[in-house]
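Inside the fold
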Amino acid sequence: MQYKMLVLDMDDTLLRDDHKISELNKKSLLEAQAKGVYVVLASGRPTSAMTAYAKELELDLNDSILFHLMVL
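Now for a look at the structure at hand. (Residues numbered from 1 in each chain as written. Predicted model: local features only at pLDDT ≥ 70, side-chain atom pairs only at ≥ 80, totals over all residues. Heavy atoms only, no water.)

As a further point, take helix α2 (residues 23–34). End to end, α2 covers 16 Å across 12 residues, agreeing with the expected 16 Å (1.5 Å per residue, within 8%). Positive phi shows up at glycine 36, right after α2, with a value of about 95 degrees. (Helix = DSSP H or I, 4+ residues; strand = E, 2+ residues; numbered from the N terminus. Expected span 1.5 Å × (residues − 1).)

In structure tokens, the structure reads:
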């Protein structure tokens, strides 16, 4: 199966306890993007708190989707 999109929760999933993305995860996500896979960051954080991570993963902020999820 070829994946077309990866939707990643940030806290306690993508991010380590020190709130950084591991080099292995970063490398893997950059490789996935090079193969045409869309990477989506999902979080309860405000979009402004996700922008630096999106830039670190070289996501195009004009074409990428940043989700701000809320539980009602």
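Here we come to the environment of threonine 51. By the secondary structure assignment, threonine 51 is in helix α3 (residues 51–56). For threonine 51 and leucine 41, which are 10 residues apart along the polypeptide, the C-alpha to C-alpha distance reads 9.7 Å.

In the structure shown here, the tally under the stated rule is 3 salt bridges. In this structure, the salt-bridge partner of aspartate 11 is arginine 45, at a minimum N-O distance of 2.7 Å. One end of the pair, aspartate 11, is in helix α1 (residues 10–14); the other, arginine 45, is in the loop between β2 (38–43) and α3, with 34 residues separating them in the sequence. Given the relative accessible area of 29%, aspartate 11 is considered partly exposed. A salt bridge links arginine 16 to aspartate 18; its shortest N-O distance comes to 2.9 Å. Overall, arginine 16 belongs to the partly exposed group, its relative accessible area being 40%. (Salt bridge = Lys/Arg side-chain N within 4 Å of Asp/Glu carboxyl O. Buried < 20%, exposed > 50% of the residue type's maximum accessible area, 1.4 Å probe, protein only.)

Moving on: the side chain of serine 43. Tracing the sequence through the fold places serine 43 in strand β2. Overall, serine 43 belongs to the buried group, its relative accessible area being 3%. A polar contact is formed between the side chain of serine 43 and the backbone nitrogen of arginine 45, at a distance of 2.9 Å. (Polar contact = N/O pair within 3.5 Å; in protein donor to acceptor, adjacent residues only side chain to side chain.)

A separate point is the pairing of β2. Across a regular strand the side chains alternate sides, sitting on one face of the sheet and then on the other. Within β2, 5 of the 6 residues are buried, leaving the element largely enclosed by the surrounding structure. Note: strand β1 (residues 5–9) against β2, 5 bridges, orientation parallel. Within β2, the position partnered with leucine 8 by the bridge is leucine 41. (Pairing = 2+ DSSP bridges.)

This part takes up unusual backbone geometry. Even without being a glycine, aspartate 12 presents a positive backbone phi close to 65 degrees. With respect to the helices, strands and loops of the structure, aspartate 12 is situated in helix α1. For aspartate 12, a relative accessible area of 72% gives the class exposed. With a phi angle near 60 degrees, glutamate 58 is a residue other than glycine that sits in the positive phi range.

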